[in-house]
Amino acid sequence: MKKIFYSICLVLFLAGLGWTQEENAVKTDVLAKTSISWDGMDLPEYAKGKPEITILKIKIPPKTKLPLHKHPVINAGVLLKGTLTVVTEKNEKLQLKAGDSIIEVVNKWHYGINEGNEFAEIIVFYAGVQGSAITVKK
């Protein structure tokens, strides 16, 4: 009887170790992987020159509309908090909520608007070239 009891305890202990290791394992979620922007257009070729990566954390106050602008470089972001709507000059719209990713339009006039009641917070990664602008305002 003791042998059975100890065997059961050992099995439960080993099973518990497996669960603990699983809980502490590194997990990777792919938020975006594509070669097209959110409006369905192919991303352009990378520019020639020395690469320069820029990472911005942008906080947009509630009820705020950003100015019309475009990005001459490929960029992508993840909305951390709030909501954000991106609108092109042709009135194409993308609505984002916290946790959503975006592959931004390139060389296309657009603006963002936070219609919510809390700050929208987004991290954006720009793959540019040294000495070149990442954003151009109209």
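Note that the coordinates shown come from a computational prediction; the quantities given were computed from them, not determined experimentally.

1. Comments concerning the overall build of the protein chain
From N to C terminus, the protein chain includes one helix and 10 strands. Reading the protein chain from its N end, one meets helices and strands in the order α-β-β-β-β-β-β-β-β-β-β. In the protein chain, which comprises 138 residues, the share counted as buried stands at 30%. Taking as baseline every contact in the protein chain between residues at least 6 positions apart, the subset at least 24 positions apart corresponds to 79%. With the model as given, the accessible surface of the protein chain reaches about 9800 Å², and the carbon-plus-sulfur share is 59%.

2. Description of the nonpolar core
Formed by 14 residues in total, the largest nonpolar core has its most connected members in L79, L84, L96, I102 and I122. Sorting the residues of this core by element identifies β5 (83-88) and β9 (120-129) as the ones contributing at least two each. Top contributing element to this core by residue count: β9, with four residues. Those residues in contact with L79 that lie beyond four places of it in its chain are L84, L96, K97, A98, G99, D100, A120, E121 and I122.

3. Quick word on the environment of H69
You can see H69 is positioned in strand β3 (residues 69-70). Judged by relative accessible area, which is 9%, H69 ranks as buried. Here P67 takes part through its backbone oxygen, which lies 2.8 Å from a polar atom of the side chain of H69.

4. Describing the side chain of T85
Here T85 shows up in strand β5. Under the relative-accessibility criterion, T85 is labelled buried at 8%. At a separation of 3.5 Å, a polar atom in the side chain of T85 contacts the side chain of E115. If near-sequence neighbours (up to four positions away) are discounted, T85 is found in contact with L94, Q95, Y111, G112, I113 and E115.

5. Some remarks on the side chain of H110
Relative to the assigned elements, H110 resides in strand β8 (residues 110-114). Reaching out from H110, the side chain makes a polar contact with the backbone oxygen of K108 at a distance of 2.8 Å. H110 has contacts with P67, L68, H69, K70, H71, V86, V87, T88, E104 and V105, leaving out every residue within four places of it along the chain.

6. Looking at the pairing of strand β4 (residues 74-81)
Sheet topology note: the β4/β9 ladder contains seven bridges and is antiparallel. Paired with K81 across the two strands is E121, which belongs to β9. Across three bridges, the pairing between β4 and strand β7 (residues 101-103) is antiparallel. Counted as the bridge partner of V78 is S101 from β7.

How each quantity is defined
- Residues numbered from 1 in each chain as written.
- Predicted model: local features only at pLDDT ≥ 70, side-chain atom pairs only at ≥ 80, totals over all residues.
- Heavy atoms only, no water.
- Helix = DSSP H or I, 4+ residues; strand = E, 2+ residues; numbered from the N terminus.
- Buried < 20%, exposed > 50% of the residue type's maximum accessible area, 1.4 Å probe, protein only.
- Contact = heavy atoms within 4.5 Å.
- Areas by Shrake-Rupley, 256 points an atom, 1.4 Å probe, with all protein chains shown as cover.
- Core = buried A, V, L, I, M, F, W, Y, C linked by side-chain atoms within 4.5 Å.
- Polar contact = N/O pair within 3.5 Å; in protein donor to acceptor, adjacent residues only side chain to side chain.
- Pairing = 2+ DSSP bridges.

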